[in-house]
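Remarks on the overall topology
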Amino acid sequence: MIYTVTFNPAIDYVIKVDNLTLGQVNRTTREYIFCGGKGINVSHLLANLGVDSVGLGFIAGFTGDVIESGAKELGFKPDFIRVREGMTRINVKVKSNEESEINGLGPVIHDDELEQMFKKLDELEDGDILVLAGSIPATLPSDVYERIMGRLQGKDIRIVVDATKDLLLNVLKYHPFLIKPNNHELGEMFDVVLKTNDEIVEYAKKLQEKGARNVLVSMAGDGAILITEEGEVHITPCPKGEVKNSVGAGDSMVAGFITGYLRSNGDYNEALKMGTAAGSATAFSEDVATGEKIMELYKTL
Ligand SMILES: Nc1ncnc2c1ncn2[C@@H]1O[C@H](COP(=O)(O)OP(=O)(O)OP(=O)(O)O)[C@@H](O)[C@H]1O
Ligand SMILES: O=P(O)(O)OC[C@@]1(O)O[C@H](CO)[C@@H](O)[C@@H]1O
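Reading guide: rules and limits
Residues numbered from 1 in each chain as written. Chains lettered and ligands numbered in written order. Predicted model: local features only at pLDDT ≥ 70, side-chain atom pairs only at ≥ 80, totals over all residues. Heavy atoms only, no water. UniProt positions renumbered as here; feature names shortened; annotations may be inferred. Helix = DSSP H or I, 4+ residues; strand = E, 2+ residues; numbered from the N terminus. Contact = heavy atoms within 4.5 Å. Near = heavy atom within 4 Å. Polar contact = N/O pair within 3.5 Å; in protein donor to acceptor, adjacent residues only side chain to side chain. Areas by Shrake-Rupley, 256 points an atom, 1.4 Å probe, with all protein chains shown as cover. Nonpolar A, V, L, I, M, F, W, Y, C, P; charged D, E, K, R; others polar. Phe/Tyr/Trp six-rings, centres within 6.5 Å; stacked < 30°, edge-to-face > 60°. Buried < 20%, exposed > 50% of the residue type's maximum accessible area, 1.4 Å probe, protein only. Pairing = 2+ DSSP bridges. Axes fitted to C-alpha atoms, helices over the stretch in contact; angles between N-to-C directions. 1 Å grid on protein atoms, 1.4 Å probe; cavity = no way out; pocket = protein on both sides within 12 Å on 5 of 7 lines; lining within 4 Å. Points joined across faces, edges and corners; volume = space filled by probe spheres on them. Salt bridge = Lys/Arg side-chain N within 4 Å of Asp/Glu carboxyl O.

The chain is annotated in an unreviewed UniProt entry as Tagatose-6-phosphate kinase of Anaerostipes hadrus. UniProt, in its Function (unreviewed entry) section for the chain, records the words "Catalyzes the ATP-dependent phosphorylation of fructose-l-phosphate to fructose-l,6-bisphosphate." Quoted verbatim from the Pathway (unreviewed entry) heading of the UniProt record, the comment on the chain is "Carbohydrate metabolism; D-tagatose 6-phosphate degradation; D-glyceraldehyde 3-phosphate and glycerone phosphate from D-tagatose 6-phosphate: step 1/2."

Here it is as structure tokens:
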């Protein structure tokens, strides 16, 4: 089974505003509300491709209820832990002349609630896939991803981590199957600005030296570079199209990659192709892309 963990789910409130002006009343011209958070987006896209998954994470308050019922509608099994303090956040994504995001704090997670999550994850079995994606609420210890991976050591579980900076760097010693920084995040980890594909490959390999197995570096409209555990470098451009909402493109890429990898019995070219199709299909959609849209783009790659 594939399990996704979203420590800090969100309702994404995506609004379009003409010429956003700070300090004034602005009015939306379009608005959308989606169930979000990185792991949830991964489960959503997997469901759109007909792949089953279980969504784990913490929810709270009435916004948490929306996430729970939303998950069922989106087609994956919710197994969230309801926490007692605070509420699931609402993240605001403003599309104007520029794209801006305001991501909320999320609820307070107490030690006993975190322990419940550890217990659930202890039940994972050989052959399962675990996706740890997104930020963690400020009330949680910053080594929580490391602690999860440490507990699962010794089991044959492929772990995918989509996180930034120290959250990601600190788990590399546990040899995650896949990590997916974007090119900017990769540069930030080493305090450099990466401009060329050669530089991206060089720094992605440094993450492998630290323990990562496969490193997938996404580059928004410029495609992606995969460095496999065998040291092969695959570079893929991405399809061109009208970008409608790139929120969740990275999560879609992760879900597409997993689907392509599983369906082809471990062919990394296929995984990258499906990942690229899924990422771009979401960028060209208002919400996480449908299976039809993904397969349409996949055929063009
Ligand atoms: N403008 C675009 N045009 C075409 N494809 C895109 C575009 N933006 C994203 N994609 C697709 O989605 C993939 C992931 O995008 P990106 O690098 O923006 O991930 P990310 O930074 O993790 O995204 P996010 O945090 O918004 O989910 C890209 O490799 C590409 O396949
Ligand atoms: O605050 P985090 O956890 O880093 O990111 C949360 C988030 O921006 O990521 C998803 C897109 O990748 C959105 O659905 C969600 O709002």
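On we go.
Right, let's talk about the side chain of T88 for a bit. Tracing the sequence through the fold places T88 in the loop between β5 (77-82) and β6 (89-95). Not counting chain neighbours up to four residues away, the residues in contact with T88 comprise P9, A10, F58, I59, A60, T63, G64, I67 and P107.

Our next topic: the site of ligand 2. The local shell around ligand 2 holds 15 residues, among which D12, N91, K93, S135 and D251 are the closest. Within the side chain of N103, a nitrogen or oxygen atom sits 3.2 Å from an oxygen atom of ligand 2. Between S135 and ligand 2, the recorded distance is 2.8 Å, taken from a side-chain N or O atom to an oxygen atom. When ligand 2 sits alone it has 400 Å² of accessible area, and the protein chains cover 87% of it. Elements with a minimum of two residues in the shell around ligand 2: α1 (38-48) and β6. Partitioning the shell around ligand 2 into residue classes produces one nonpolar, eight polar and six charged.

So, on to the packing of aromatic side chains. Counted under the stated rule, the structure contains seven aromatic pairs. Measuring from centroid to centroid gives 5.2 Å for F190 and Y203, while their planes differ by 55°, and the two rings are tilted. Here F190 is found in helix α6 (residues 183-190), whereas its partner Y203 is found in helix α7 (residues 197-209), with 13 residues between them in sequence. Using a relative accessible area of 16% as the deciding quantity, one classes Y203 as buried. Residues Y261 and Y268 carry aromatic rings whose centres are separated by 5.4 Å and whose planes lie at 40° to one another, so their mutual orientation is tilted.

Now for the sheet that holds strand β7 (residues 99-102). The strand order across the open sheet built from four strands is β3-β2-β6-β7, with neighbouring strands paired in mixed fashion. Looking along the sheet, the strands with just one partner apiece sit at the ends: β3 (28-36) and β7. Averaged over all adjacent pairs, the angle separating strand axes in this sheet is 15°, with direction ignored. Strand direction decides the pairing type here: strand β2 (residues 10-17) and β6, joined by seven bridges, are parallel. In the strand pairing of β6, I11 is matched with I90.

Within this model, the second largest pocket holds a volume of roughly 160 Å³. Along the walls of the second largest pocket sit 14 residues, with K155, I157, I159, Y174 and H175 positioned nearest its centre. Secondary-structure elements contributing two or more residues to the lining of the second largest pocket are α4 (144-152) and β9 (158-162). Classifying every residue of the lining of the second largest pocket gives seven nonpolar, three polar and four charged.

Another point: the site of ligand 1. Around ligand 1, the structure places 22 residues, and the nearest of them are N182, S218, A220, G250 and S280. For ligand 1, the accessible surface in isolation is 630 Å², of which the surrounding protein chains cover 85%.

A few words on the UniProt feature "domain: Carbohydrate kinase PfkB" (unreviewed entry) in the chain. When the UniProt feature table is mapped onto this chain, "domain: Carbohydrate kinase PfkB" (unreviewed entry) is found at residues 10-289. Between the end C-alpha atoms of residues 10-289 there is a gap of 18 Å, over a span that is 37% helix and 24% strand.

Once that is clear, we can look at unusual backbone geometry. Here H175, not a glycine, exhibits a phi torsion of approximately 55°, which is positive. When you line up the elements, H175 lands in the loop between α5 (165-169) and β10 (178-179). Relative accessible area serves as the criterion here: at 48%, H175 is assigned to the partly exposed category. A positive phi angle, near 60°, is found at D191, a position not held by glycine. Relative to the helices and strands, D191 is located in the loop between α6 and α7.

For the rest of this paragraph, the subject is empty space enclosed by the protein. Over the atoms rolls a probe the size of a water molecule, and in doing so it shows where empty space is left. In total, this model carries two cavities of 30 Å³ or more according to the counting rule given. Approximately 40 Å³ is the volume found for the second largest cavity. Ranked by residues supplied to the lining of the second largest cavity, first place goes to helix α8 (residues 249-263) with three residues. Partitioning the lining of the second largest cavity into residue classes produces six nonpolar, no polar and one charged.

Let us look at the pattern of salt bridges. The final tally for this structure, using the stated rule, is 14 salt bridges. The residue D79 makes a salt bridge to K120 at a minimum N-O spacing of 2.8 Å. Taken as a pair, D79 in strand β5 and K120 in helix α3 (residues 111-122) lie far apart in primary sequence, 41 residues in all. Residue R147 is joined to D143 by a salt bridge in which the shortest nitrogen-to-oxygen separation is 3.8 Å. The exposure class assigned to R147 is partly exposed, which follows from its relative accessible area of 35%. The network of salt bridges with common partners includes D65, E68 and R82.

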